[in-house]
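# Coordinate inspection notes
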Amino acid sequence: MTGPDLAAYDRILIAFSGGKDSLACLLHLLALGVDPARIELHHHDVDGDAPFMDWPCTLGYCRAVAAQFGLPLYRSWREGGFLGEMDRDGTPTGAVLFERPDGRLGRSGGEGPPGVRGRFPQVSADLRVRWCSGVLKIDVMAALIRGQDRFLDGRTLVVTGERAEESPGRARYAVFEAHRTATAGGRRPPRRVDHWRPIHAWDEGRVWAVIARSGLVPHPAYRLGWGRLSCRCCIFGSPHQWATVRALFPAVFARIAAREAASGFTLHRAASVIDLADRGRPYAAALAQPELAAQAEAADWTGPIVRRPWTLPAGAFGEAAGPV
Ligand code: SF4
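What counts as what
Residues numbered from 1 in each chain as written. Predicted model: local features only at pLDDT ≥ 70, side-chain atom pairs only at ≥ 80, totals over all residues. Heavy atoms only, no water. Near = heavy atom within 4 Å. 1 Å grid on protein atoms, 1.4 Å probe; cavity = no way out; pocket = protein on both sides within 12 Å on 5 of 7 lines; lining within 4 Å. Sits in = over half its atoms within 2 Å of the grid points. Nonpolar A, V, L, I, M, F, W, Y, C, P; charged D, E, K, R; others polar. Domains from an automatic or database assignment. Phe/Tyr/Trp six-rings, centres within 6.5 Å; stacked < 30°, edge-to-face > 60°. Helix = DSSP H or I, 4+ residues; strand = E, 2+ residues; numbered from the N terminus. Buried < 20%, exposed > 50% of the residue type's maximum accessible area, 1.4 Å probe, protein only. Lys NZ or Arg CZ within 6 Å of the ring centre and 35° of its normal. UniProt positions renumbered as here; feature names shortened; annotations may be inferred. Pairing = 2+ DSSP bridges. Axes fitted to C-alpha atoms, helices over the stretch in contact; angles between N-to-C directions. Contact = heavy atoms within 4.5 Å. Core = buried A, V, L, I, M, F, W, Y, C linked by side-chain atoms within 4.5 Å. Arc of directions from axis to C-beta. Points joined across faces, edges and corners; volume = space filled by probe spheres on them.

## A look at the site of the ligand
Around the ligand, the neighbouring residues are R130, C132, S133, K137, S230, C231, C234, I235, F236 and P323. At a threshold of 2 Å from the grid points, most atoms of the ligand map onto the largest pocket. Split by residue class, the shell around the ligand holds 6 nonpolar, 2 polar and 2 charged. Lining the shell around the ligand are residues from two domains, each supplying at least three of them: domain 1 (6–205) and domain 2 (219–297).

This is the structure:
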């Protein structure tokens with residue numbers, strides 16, 4: 001398909017992780033002539049206010065990209081973040097908190113049934129057991145849409161950057177469909193929300209080519225050697241990634257290893273993060289750039305966000321470890 005009629009939407013929400021695919025979605029929409037006044041970037045902050053799994057620089061990086069284009073970026077997160085959900089012990093999943101255009105913080109949910117987790121999400125394509133993607137990202141976008149009556153007015157398009165090339169599971173995703181928050185109406189007005197995956201058919205080369213033309217500086221993870229922007233301690237991490245985390249961010253690595261030891265459950269079914277790191281070698285680009293590792297650890301983005309001449313980051317076309 002060529003894509004939906006973009007002029008028919010009052011607003012277009014981009015799920016903006018700061019990764020190359022979300023950058024490509026934004027650049028593609030702008031290239032198609034979408035009025036920036038109708039674009040909103042939404043960043044789902046995996047850790048919320050409890051730093052644990054993700055790159056500390058990611059939110060600051062996303063805000064810098066948004067500022068570069070003069071676009072609003074709304075942060076949303078699950079109360080307690082990844083750690084809060086993992087430590088649930090007889091309590092409900094946390095509420096979703098979300099920034100709103102009027103500057104106030106919205107809140108939705110948090111009154112579900114009590115439950116117990118006590119372990120990391122499982123490394124699986126099945127989102128019922130790989131709970132992080134659903135609880136901390138997909139459900140967060142749905143909650144912020146359901147939690148704001150402005151989405152009952154007019155039409156909304158949600159844009160996400162999954163690509164078929166990434167995994168057989170993602171290859172089966174529809175390019176265009178009704179969003180999970182869409183309703184037919186009844187006692188309330190219908191919520192007219194569609195979901196488009198505009199770069200589903202793109203290969204990685206096309207993604208990097210679009211970013212190269214823009215001059216946008218890729219997220220530090222790519223420049224340190226990661227092929228995809230996942231959480232820094234993503235459950236899908238490869239041996240080389242765990243070896244790199246251990247070499248560059250030893251305190252973070254030790255925290256994950258300690259959680260594995262205390263719970264008796266390893267993140268991977270058959271190997272601890274220590275076993276995985278022992279099997280890998282730190283990325284050479286990471287070892288060679290301590291100042292970049294420091295930038296990745298910083299919450300504030302202070303570097304340039306556009307740089308020319310643009311250079312392909314070390315991780316491009318490399319390991320594709322990440323959510324499937
Ligand atoms: S990037 Fe990895 S750890 Fe983070 S939410 Fe996605 S699957 Fe889970």
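## Overview of the packing of aromatic side chains
A full pass over the atoms with the stated rule returns 11 aromatic pairs. Here W208 and Y222 contribute two aromatic rings whose centre-to-centre distance is 5.2 Å and whose plane-to-plane angle is 90°, an arrangement assigned as edge-to-face. Of the two residues, W208 sits in helix 6 (residues 204–214) while Y222 sits in helix 7 (residues 220–224), which places them 14 residues apart along the sequence. Of the two residues, W208 and Y222, neither departs from the other in class, the shared state being buried. By the ring-pair criterion, three or more aromatic residues cluster together here, those being F52, F82, F120 and W131. When the ring centre of F249 is taken as reference, the NZ or CZ atom of R232 above it lies at 4.4 Å.

## Some thoughts on the UniProt feature "domain: Phosphoadenosine phosphosulphate reductase" (unreviewed entry) in the protein
According to UniProt, the positions carrying the feature "domain: Phosphoadenosine phosphosulphate reductase" (unreviewed entry) are residues 132–234. Note that residues 132–234 is 34% helix and 13% strand, and that its end C-alpha atoms are spaced 10 Å apart.

## Considerations on the sheet that holds strand 8 (residues 155–159)
Taking strand neighbours across the sheet as the criterion, the 8 strands line up as 6-5-3-2-1-8-10-9 in an open arrangement whose pairing is mixed. Each edge of the sheet is formed by a strand with only one pairing partner; in this case those strands are strand 6 (105–108) and strand 9 (176–178). Neighbour to neighbour, the strand axes of the sheet diverge by 25° on average, direction disregarded. As judged from the 4 bridges shared by strand 1 (residues 11–15) and strand 2 (residues 39–45), these two strands associate in the parallel manner. Across the sheet, residue I14 finds its bridge partner in strand 2, namely L41. Most of the contacts of helix 1 (residues 20–31) go to strand 1, to which it runs at about 155°, and overall it touches strand 1, strand 2, strand 8 and strand 10 (192–196). On top of the sheet, helix 2 (residues 58–69) reaches strand 2, strand 3 (73–78) and strand 5 (96–99); it is set at about 155° to strand 3, its chief contact.

## Considering the nonpolar core
F82 and W242 are the most contacted members of the largest nonpolar core, which has 76 residues in total. A domain split of this core shows at least three residues from each of domain 1 (6–205) and domain 2 (219–297). Discounting residues that sit within four places of it in the chain, F82 has contacts with V46, D47, F52, M53, F120, P121, W131, C132 and L136.

## Let's talk about helix 8 (residues 239–248)
Residues Q241, W242, A243, T244, V245 and L248 constitute the buried set of helix 8. Along its buried surface, helix 8 packs onto helix 7, helix 9 (250–263), helix 10 (273–279), helix 11 (284–287) and helix 12 (290–297).

## A closer look at helix 12
Those residues of helix 12 that fall on the buried side of the exposure criterion are L292, A293, Q295 and A296. Across the axial projection of helix 12, the buried residues extend over an arc of 155°, all falling on one side. Exposed residues pointing more than 90 degrees away from the buried face of helix 12 are listed as P290 and E291. In this structure, the buried residues of helix 12 make contact with helix 7 and helix 8.

## Comments concerning the layout of surface pockets
In this structure, the largest pocket spans a volume of roughly 1,100 Å³. As for the largest pocket, its lining consists of 48 residues, of which S17, K137, I138, E162 and R170 are closest to the centre. At the level of elements, helix 1, strand 2, helix 4 (131–146) and strand 9 are the ones that each hand at least two residues to the lining of the largest pocket. Counted by class, the lining of the largest pocket contains 21 nonpolar, 14 polar and 13 charged residues. Counting contributing residues, the lining of the largest pocket receives three or more from each of domain 1 (6–205) and domain 2 (219–297). What lines the second largest pocket is a set of 18 residues, and nearest its centre among them are D45, D47, P51, W55 and P56. Mapped by element, the contributors of at least two residues to the lining of the second largest pocket are strand 2, helix 2 and helix 9. Inspection of the lining of the second largest pocket shows a minimum of three residues originating in each of domain 1 (6–205) and domain 2 (219–297).

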